[in-house]
Amino acid sequence: MNETIALVGNPNVGKSTVFNALTGLKQHTGNWTGKTVGKAAGTFMCNGKKLKLVDLPGAYSLKPQSFEEEVTRDFIYFGDYSKAILVADSTNLKRSLILILQVLEFTQSAVVCLNLSDEAAKKGIVTDIDELSLQLCSTVIPTSAKKKKNNGLDSLKSVIDSPCFAHSKRIDYGEKTENAINMLENFCKKHCPDMPPRFLALRLLENEETFLQRLGEIYPDSIEPLLREAELARCKIGIASDEISYIINNAVIARAEQIAKLCSKVPPNAHAFDRKLDYIFTSRLTGIPVMLIMLLFIFWLTVFGANYPSQLLADLFAKLISKVHNAFISVGINPTACSFVCDGILSTIGRIVSVMLPPMAIFFPLFTIWEDFGYLPRVAFNLDRLFQKAGVSGKQSLTMCMGLGCNACGITNCRIIDSQRERSIAVMTNGFIPCNGKFPTIIAIVTMFFAGAGANRFISSITQALALTAILITGVICTLACSKLLSETVYKGKSDSFALELPPYRAPQAGTVIVRSILDRTVFVLLRALCAAAPAGAVIWICANVSIGNASILTAVSQFLDPFASFFGLDGVILLGFILGFPANEIVLPIIIMAYTCNGTLVEFSDLDSLRILLCDNGWTVTTAICTIVFSLMHFPCATSCITVFKETKSLAQTLGAIFLPTAFGLCICAILAHIIPLIA
Amino acid sequence: MEHPDIIRLCDLDFGATGEITKVCIDEEKSKRITQLGIIKGSTIQKMLCSPFKDPCAYFVHGSLIALRNHDAHNIFVRKLTNGE
């Protein structure tokens, strides 16, 4: 049985970086609160022994205020591990100590990892390791987990292997509380011999609901008498549980402050650079413009940078497919089967890869750098007023940012929102944000119909970036509107209090970022799209080439959908494309193209001009283009997202809400535009 | 107001520090705020404001925490130092 080590610390101290560095796993890290959701486990070798490492979600305290913090609390108090690595932030020792002191009241088998030492050194912050070691009676290892060499991790490994012992001086909780603890200690020892009695006495006096529930699960016979004794003790000293909670909290903070004062010297201008950046990013004058410019820049770089590689890949695939086609024919394979493979499956795959891969390979690393740097919480800070007005949490903008990469990721990240009501709203409205899968469709249509025929590549990339930004802003406005609607009707209630940490800026690790985002996100999302694309392409081919009566299935179905679809400015094929695109948004446009061309001929799809001609030949107008873009932005989420919503909420109603809301908004807006635009244009 | 020195957190000047004397937020809703150390006795300093003037960011226990004005309105501090 592998020995298990727990990694615990505040949000944002680099626990996941330590985890990655030790285990070699590519855990997703980022500089904002709540980046790690759920536990992650891995193994690493230490002096020939294999040890299991568990990375716990960041927690400000072991009194949980969110589901994630409960996960951490439950693991520390009730989980199976032999040692804990307490990761602290060298640049903010006091706050890290609050959690450390709480953990040390429970377990003495721990070692302190003082991370971000390089950041502290840059700011001129000096930590007296020996004094800290003395105060906590524990081994303290300074580390800079981000660095490749000389990062202190070898020292950490050598300490982990041997028995660890940490024991900080007892915190004095004041006469009355100490009396109550004395009253309870023997009782605790008798009923729960496995738990440190002083620790248990404190938790019983605090009377925190979820903790008592867990305790009851493990000691079902002892819980009643323990609760009675605790209530008795509280009555005897005449202090209620919430007042005791406050006393305990205060005492821990005071001790943390005392130790930090002794051990950490912070020069007055340590955070001056951070404050300068904060001013640029959040001031009245520059805050929002800087945000928009950054967004535009990321979009522009994605679009411009992806142009040439996309072309290259498209040409490559065209050549490859025609070679395969010829080879099949020459070998004598049935032309129908040949067409099925080449026109059906391969061409869809080819289109996905050439259109999707280059933008994603640029967007994801850029976005990850943005994340690592610590800018995203400032976005939440800037936009919170709008979310307040909509009756939801400011953290929703963080989940929306995640949704920009992948809606399913955004939905999982809604765990960072503390209140149940606000979390549900965030989950159900995440689909309004255009995910990476929707970009290719939107960009292609914008280029074909609005960027100008044969326009200079540079200018058209700016137009495309502006269009993407405009569409994102539309998505944000609709999210706010829908959130407001939900918080006035189904999820009535005022916003809970909102407190968000704005972490210090950290230099992003460029090299790791690129490798990690390409492997993690790009390849993963691409594979998912391909898995959806191949069968979808096959289905479309079959529908187009198999007839019922005198029309192919495809023609029959799309004609059936036509009247309904044209009310919304679309047509039967487009609607069918979205419906069949349920597994993955990326395949919508390829399906539409395939449906229009399904007479067996291979269309040169690398040329957007000829694509536009194809679409116009099939009845597309400017109205159709606009409505398709709008519906692409707002329609039912992809299959993965729907499954994720259900997994996260365990509620069918919320899953249906997540499906219905963007679709309803999308159809309404399309209907309005479909009738207005022809009047204007 | 009992003391001329005691003001609401939202009225604190930029750069000024105060010592928290009372947190009048509903207990259920104030759990996260309390957990971050915004409790009676803590020192807090107003640092930044968002473009919409709400929320504002405060330095407390070594970290920068964003708080909505609605909540800052219900936190009382005794001014310790003036801002710029």
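Residues numbered from 1 in each chain as written. Chains lettered and ligands numbered in written order. Predicted model: local features only at pLDDT ≥ 70, side-chain atom pairs only at ≥ 80, totals over all residues. Heavy atoms only, no water.

1. Here we look at the overall build of chain B
Link 1 in the chain: What chain B contains, in helices and strands, is two helices and six strands.
Link 2 in the chain: Helices (α) and strands (β) of chain B occur, in sequence order from the N terminus, as β-β-α-β-β-β-α-β.
Link 3 in the chain: In terms of overall dimensions, chain B has a C-alpha envelope of 35 × 35 × 25 Å along the principal axes.
Link 4 in the chain: The 84 residues of chain B split such that 51% are buried.
Link 5 in the chain: A separation of at least 24 residues holds for 64% of the contacts in chain B among residues at least 6 apart in sequence. (Helix = DSSP H or I, 4+ residues; strand = E, 2+ residues; numbered from the N terminus. Buried < 20%, exposed > 50% of the residue type's maximum accessible area, 1.4 Å probe, protein only. Contact = heavy atoms within 4.5 Å.)

2. Digging into the domain arrangement of chain A
Quoted interface sizes are often the accessible area lost when the parts come together.
Residues and elements named next belong to chain A.
Link 1 in the chain: You can read the domains of chain A as domain 1 (3-161), domain 2 (175-265) and domain 3 (287-491 + 520-680).
Link 2 in the chain: Each of domain 1 and domain 2 was reduced to a C-alpha centroid, and the two centroids are 25 Å apart.
Link 3 in the chain: Taken together, the 24 residues of domain 1 in the interface contact 24 residues of domain 2.
Link 4 in the chain: Buried surface at the junction of domain 1 and domain 2, both sides included, amounts to about 2200 Å², of which 65% is carbon and sulfur.
Link 5 in the chain: Three residues, Phe78, Lys94 and Glu105, lead the burial of domain 1 against domain 2; their summed loss comes to 26% of the area buried on that side.
Link 6 in the chain: For Arg214, the salt bridge is made with Glu70, and the minimal N-O distance between the two is 3.0 Å.
Link 7 in the chain: Counting across the domain 1 and domain 2 interface gives eight residue pairs in polar contact (both at pLDDT 80 or more).
Link 8 in the chain: Looking at the side of domain 1 that touches domain 2, the elements with two or more residues in it are helix H2 (67-78), helix H3 (93-104), strand S6 (126-127) and helix H5 (129-136).
Link 9 in the chain: Broken down by element, the side of domain 1 that touches domain 2 gets its largest block of residues, six residues, from H3. (Domains from an automatic or database assignment. Buried area = accessible area lost by both parts, 1.4 Å probe. Salt bridge = Lys/Arg side-chain N within 4 Å of Asp/Glu carboxyl O. Polar contact = N/O pair within 3.5 Å; in protein donor to acceptor, adjacent residues only side chain to side chain.)

3. Digging into a nonpolar patch on the surface
Residue and element names in this part refer to chain A.
Link 1 in the chain: A cluster of nonpolar side chains, Phe304, Phe458, Ile459, Ile462 and Leu466, forms an exposed patch at the surface whose accessible area comes to about 440 Å².
Link 2 in the chain: Structurally, Phe304 is set in helix H13 (residues 287-331).
Link 3 in the chain: Since its relative accessible area comes to 33%, Phe304 is described here as partly exposed. (Patch = residues over 30% accessible without salt bridge, like charges linked within 9 Å, V, L, I, M, F, W, Y side chains within 5 Å. Areas by Shrake-Rupley, 256 points an atom, 1.4 Å probe, with all protein chains shown as cover.)

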